[in-house]
Amino acid sequence: MPRNDDVRFTSCSIKLPPLGHNSSITFFSKLQFTSQFLINSLMKPQKPLNFNFNLKKKSITNFFTNFPKPPNLLSSFRFHPPLKSSLLCSASLALSDGGNAESDLSGSTNQTVLKSPSQTQITSRDEERVLISEVWVRNKDGDELERKDLESEAKNALKASRPNSALTVRDVQEDVHRIIASGYFASCMPVAVDTRDGIRLVFQVEPNQEFQGLVCEGANVLPSKFIEDAFRDGYGKVVNIRRLDDVINSINGWYMERGLFGMVYSMLQGKRDVDTLLTMGIMEDVSIIPQPAGDSNKIDLTLNIVERKSGGGISAGGGISSGITSGPLAGLIGSCAIYHKNLFGKNQKLNVSLERGQIDSIFRINYTDPWIEGDDTRTSRSIMIQNSRTPGTLVHGNQPDSNSFTIGRVTAGIEYSRPFRPKWNGTLGLIFQRAGAHDDKGNPVIRDFYSSPLTASGNTHDDMLLAKLETVYTGSGDPGSSMFAFNMDQGIPVWPEWLVFNRVNARARKGLVLGPACLRLSLSGGHVVGNFPPHEAFAIGGTNSVRGYEEGAVGSGRSCAIGCGEVSFPLTGPVEGVIFADYGTDLGSGSIVPGDPAGARLKPGSGYGYGLGIRVDSPLGPLRLEYAFNDQRTGRFHFGVGLRN
């Protein structure tokens with residue numbers, strides 16, 4: 001039979017359960033409709049049936065009087081819960097009294113059929129044997145089967161029923177079971193015909209329908225190609241229940257391999273939910289226990305949570321600032337913080353922190369309400385005040401006269417964030433900033449060694465009020481997941497001297513699993529229009545940009561584009577190796593930054609780097625130690641925490 005390109009299953013309906021809120025938790029258990037179930041049902045002890053008929057041969061009468069009726073089986077199948085239909089595989093016995101070998105099997109001879117169940121139990125000692133001269137396989141009308149392969153399947157399933165063999169009722173019953181268990185037949189009825197040559201035993205079978213197409217409903221996660229491949233070799237063939245059982249097992253395996261528990265709950269998602277709760281910092285322990293609900297289409301999730309007795313404390317630590325390149329210890333920083341992670345018992349957080357290095361420093365007060373009370377959209381609010389000093393070398397480099405300067409910023413703002421789609425989060429904010437340059441003694445500086453301006457207004461500092469828009473897509477965190485972030489800042493001229501500019505930047509990362517290795521591709525870029533301070537230009541080069549170069553040594557421009565490709569592979573335990581290549585360019589925009597700081601320092605504007613390194617998984621994230629060469633054949637070590645931005 002030719003394959004139906006519309007993929008229609010006309011012989012029976014295969015329906016996969018939806019992975020949604022109205023789906024049943026008993027998905028896997030209800031799919032366990034297998035041929036083994038059919039066999040087990042058939043092999044249970046049966047009650048024999050009596051026949052009321054008058055025959056000349058007493059032995060034949062005794063033989064067929066004690067023949068039991070096999071149980072009913074499931075006659076239609078669909079794996080869409082609940083499974084209420086049943087495959088009616090009937091197996092009954094009739095005796096024809098024919099005078100010759102050419103007796104009509106369709107009912108022209110005198111036949112006696114089953115009447116009512118008997119309560120008499122048959123033991124092997126009491127069973128009589130009858131000599132069978134012939135064994136035939138025919139269709140339910142008594143004619144030869146059109147498909148000889150099905151006739152061969154039925155005959156091959158027979159074990160006891162052979163020509164010139166003495167059979168008991170149990171022998172015939174078990175052979176009926178074997179024919180049904182072959183999976184090709186919906187029913188089987190043994191008929192005994194008395195001929196002049198002896199007793200002919202005819203197994204009248206009804207084959208299953210042919211598989212012509214497939215209707216797949218509710219499979220929101222299961223790929224359609226998986227179903228098509230599973231049934232591909234069955235088109236145009238008689239449906240085999242045992243083959244269907246293998247397909248069901250493979251579907252079950254697909255879901256189980258991906259941690260899908262039932263139809264509405266993923267164990268992998270459950271683990272991520274537990275991790276999310278633990279990162280709040282106010283829980284000692286979190287566990288999720290799924291339990292069946294009264295409604296078979298739902299489950300109950302019980303969360304066992306142990307809350308910390310106190311959410312406050314003091315912490316201290318240290319680190320390295322990648323933006324500082326002068327001196328072997330210049331990048332070292334120390335930090336301390338006083339915090340409370342559960343203000344008013346509502347998970348509101350207050351953090352007062354100080355980070356201090358030989359050159360840079362950050363003092364920050366931050367208050368966060370992770371879920372504004374009464375808001376149904378899970379909106380969070382964050383209020384921040386910050387005073388920071390960072391080195392000016394990212395854009396302006398080291399001064400030839402050995403004098404250095406820092407960029408001081410006083411910042412205050414408020415931000416609102418909330419998820420608007422699964423894995424997507426949006427942020428709106430309003431931030432005021434005053435920024436200016438200072439020398440080693442803290443005095444304001446408005447020009448560098450090359451007389452390039454350090455502020456956009458020409459004053460000792462620049463004031464700006466920025467409206468912030470940010471959207472972030474975060475994948476599962478698995479090696480093959482993706483990440484995307486878009487950010488835009490718009491200067492608002494509340495006062496005439498306040499800066500007006502628009503800055504946009506975006507970054508994306510995609511992982512591809514290649515056997516034991518993982519390929520990560522990342523791309524970032526941005527552009528600024530308007531009147532902006534030169535220290536806000538895009539700095540290209542460094543640990544999180546183009547490795548092999550110092551921080552900002554490739555260029556600093558109004559625009560930038562940076563790409564990276566790296567392949568990581570496991571070495572031992574938490575340690576993995578990595579091979580990488582980076583490229584970055586200012587797209588020819590370095591000269592239009594106020595004062596052209598890149599041109600004065602002969603930055604190339606574009607460059608690439610390549611190298612290798614190792615990474616160690618840690619609670620802080622991946623610890624990276626890398627060595628890279630740039631296109632000028634010079635090499636550098638780089639150290640970082642977390643994946644490359």
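Residues numbered from 1 in each chain as written. Predicted model: local features only at pLDDT ≥ 70, side-chain atom pairs only at ≥ 80, totals over all residues. Heavy atoms only, no water.

An unreviewed UniProt entry lists the protein chain under the name Outer envelope protein 80, chloroplastic-like isoform X2, from Coffea arabica. You can read under Subcellular location (unreviewed entry) in the UniProt record for the protein chain the words "Plastid, Chloroplast outer membrane". (UniProt positions renumbered as here; feature names shortened; annotations may be inferred.)

### Examining the overall build of the protein chain
Looking only at helices and strands, the protein chain has 10 helices and 31 strands in total. The buried share among the 645 residues of the protein chain stands at 44%. Of all intrachain contacts in the protein chain linking residues separated by at least 6 positions in sequence, the fraction that spans at least 24 positions is 59%. (Helix = DSSP H or I, 4+ residues; strand = E, 2+ residues; numbered from the N terminus. Buried < 20%, exposed > 50% of the residue type's maximum accessible area, 1.4 Å probe, protein only. Contact = heavy atoms within 4.5 Å.)

### Topic: the packing of helix α6 (residues 224-231) against helix α7 (residues 241-257)
Contact geometry for α6 and α7: axes closest at 10 Å, N-to-C directions at 155°. In terms of orientation, α6 and α7 fall into the roughly antiparallel class. Note that α6 runs across α7; the crossing there is right-handed. Contacts between α6 and α7 involve F226, I227, A230 and F231 on the former and, on the latter, R243, L244, V247, S250, I251 and W254. For the contact of α6 with α7, a count of residues per class yields eight nonpolar, one polar and one charged. (Axes fitted to C-alpha atoms, helices over the stretch in contact; angles between N-to-C directions. Parallel < 35°, antiparallel > 145°, perpendicular 65-115°, else oblique. Left-handed = near helix turned anticlockwise from the far one by under 90°. Nonpolar A, V, L, I, M, F, W, Y, C, P; charged D, E, K, R; others polar.)

### Brief notes about the nonpolar core
The biggest cluster of nonpolar side chains holds 22 residues, and the ones touching the most others in it are I132, I179, F185, C188, L201, F203 and V205. At the level of secondary structure, the elements contributing two or more residues to this core comprise β5 (130-139), α4 (148-157), α5 (169-181), β7 (185-195) and β8 (198-207). (Core = buried A, V, L, I, M, F, W, Y, C linked by side-chain atoms within 4.5 Å.)

### Considering the side chain of H438
Positionally, H438 belongs in strand β19 (residues 424-439). Residue classification places H438 among the buried residues on the basis of a relative accessible area of 17%. A distance of 3.4 Å separates a polar atom in the side chain of H438 from a polar atom in the side chain of R389. Non-local contacts of H438, meaning those with residues more than four positions away in its chain, are made with R389, S404, F405, T406, G408, N443, P444 and V445. (Polar contact = N/O pair within 3.5 Å; in protein donor to acceptor, adjacent residues only side chain to side chain.)

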